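Listed below are the residues making up each chain.
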Amino acid sequence: MIKMADTDRKERAEYEVPLGVVHSALLEPFRTRLFVDDETVVDAEITYDTAHRGIERIMEGMPVQKGLIITERICGICSHIHLWNSTRMVEKGLGIEIPQRAEFIRVIGNELERLHSHLLFLGHAFEILGHETFSMRCFMLREPVQNMLFFLSGNRVHYTISVIGGIRPRCDIDKDKKRTLIGMLNRLEDEAKKFADRALKDSLIVSRVKDIGHLSKEDAIKYGALGPNLRASGVCDDVRMRVPEYTQNFDFEYIVFDGGNVYDRVACRVFEVLESIKIIRQALDTLPDEEPMNVDFEIGEMDFSHSYNEAARGEIYDSCALDESGRIRSYINRTPSMSSISAM
């Protein structure tokens, strides 16, 4: 909860505007109290604990293969990264070697997910800014991404690509699927470049986001901002820098802006869309020719293992142990949500 003293509020604010827990203006179930002086928001108090679903407790004692599927339900927008990271955590703890082909396809799934998450953010951002045309263009761009995810995995939301040891056979990419995905990616890249150029130069959008909502580099670090919000404040930190599946296989830029305002946070996501397309293209062009699954392993007792990865909104963390029968003990998951809310 972020707040100032009640005396300060009374002196500085004329009105209190409560929003939530469920409100048409909110995309997440949290409660916000805005303290407003004329048209200026001078303070905000945010309560974010109403959506606790007890997933960590539900998974306690579950067989690990069954429990990992639940992690994909933590978030509908970033479901793949939760399953991949929790699967990666178990593979790391048990010393299971993963075929490089499976690693590439997991990365493709993650970058497609980053694309549709960023485009969803931009679509809602432009809608709030009053530019309905660009909002609809974002969702038009997002639809081919959803189609690519469906073509890759058979699902548009929960793709269930990763399993312990590799990927599901239905998510493998044969020559025909590869050719189709590259064609879809080419069309998407052409449209995304046109959109990026126009969106970041549009006078209406620029006038409403430039020099608004400043988050300094020091405050971004202090309050734990993550992902594009952190990089838009001049901090070059991306967990993909420390994930071998990325660093050993792909060449791409880490997008960083120094302004720390809303424009920079929008621009950061726009340019990350183009970088994700670049990564997907590299993965498709250099996809190793091998089996995408390693079945030579046994599930058994595992000391505490952990894994970090970069979701669309920032760093995620998974940790757990397994007992002698391969059942989950003390699972922990941390998403970027709480840190992002504190930075708000």
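What this report covers is the structure whose coordinates are included nearby. Predicted model, so just to flag it, every value in this text is computed and none were measured.

### Examining the environment of Phe-104
Moving on, step 1. Looking at the element boundaries, Phe-104 is found in helix α5 (residues 100-128).
Moving on, step 2. A relative accessible area of 4% means that Phe-104 is categorised as buried.
Moving on, step 3. Separated by 30 residues in sequence, Phe-104 and Phe-134 place their C-alpha atoms 32 Å apart.
Moving on, step 4. Ignoring any residue separated from it by four or fewer positions in sequence, one finds Phe-104 in contact with Asn-249, Phe-250, Ala-283, Thr-286, Leu-287 and Pro-288.

### Here's the deal with the sheet that holds strand β7 (residues 314-322)
Moving on, step 1. The antiparallel open sheet is built from 3 strands, whose spatial order is β6-β7-β8. Of all the strands in the sheet, just β6 (302-311) and β8 (328-334) have a single pairing partner and so form its edges. Ignoring which end each strand starts from, the neighbouring axes of this sheet average 10° apart.
Moving on, step 2. For β7 and β8, the ladder comprises 5 bridges, and the chain directions are antiparallel. Of the residues in β8, the one forming a bridge with Ser-319 is Ile-332.

### Some details on the pattern of salt bridges
Moving on, step 1. This model, assessed by the stated rule, comprises 21 salt bridges.
Moving on, step 2. Where Glu-111 meets Arg-240, a salt bridge forms, and the shortest distance between an N and an O atom there is 3.3 Å. One end of the pair, Glu-111, is in helix α5; the other, Arg-240, is in the loop between α10 (227-231) and α11 (244-247), with 129 residues separating them in the sequence. Pair check on accessibility: Glu-111 and Arg-240 agree, each one buried.
Moving on, step 3. Among the salt bridges present, the one from Lys-194 reaches Glu-191, with a minimum N-O distance of 3.8 Å. Taken together, the residues Lys-194 and Glu-191, both in helix α7 (residues 175-199) and 3 residues apart, mark about one turn of the helix.
Moving on, step 4. On the basis of relative accessibility, which here comes to 37%, the residue Glu-191 falls in the partly exposed class.
Moving on, step 5. Overlapping salt bridges bring together Glu-111, Arg-114, Arg-231, Asp-238, Arg-240, Glu-272 and Glu-310 as one network.

How each quantity is defined
- Residues numbered from 1 in each chain as written.
- Predicted model: local features only at pLDDT ≥ 70, side-chain atom pairs only at ≥ 80, totals over all residues.
- Heavy atoms only, no water.
- Helix = DSSP H or I, 4+ residues; strand = E, 2+ residues; numbered from the N terminus.
- Buried < 20%, exposed > 50% of the residue type's maximum accessible area, 1.4 Å probe, protein only.
- Contact = heavy atoms within 4.5 Å.
- Pairing = 2+ DSSP bridges.
- Axes fitted to C-alpha atoms, helices over the stretch in contact; angles between N-to-C directions.
- Salt bridge = Lys/Arg side-chain N within 4 Å of Asp/Glu carboxyl O.

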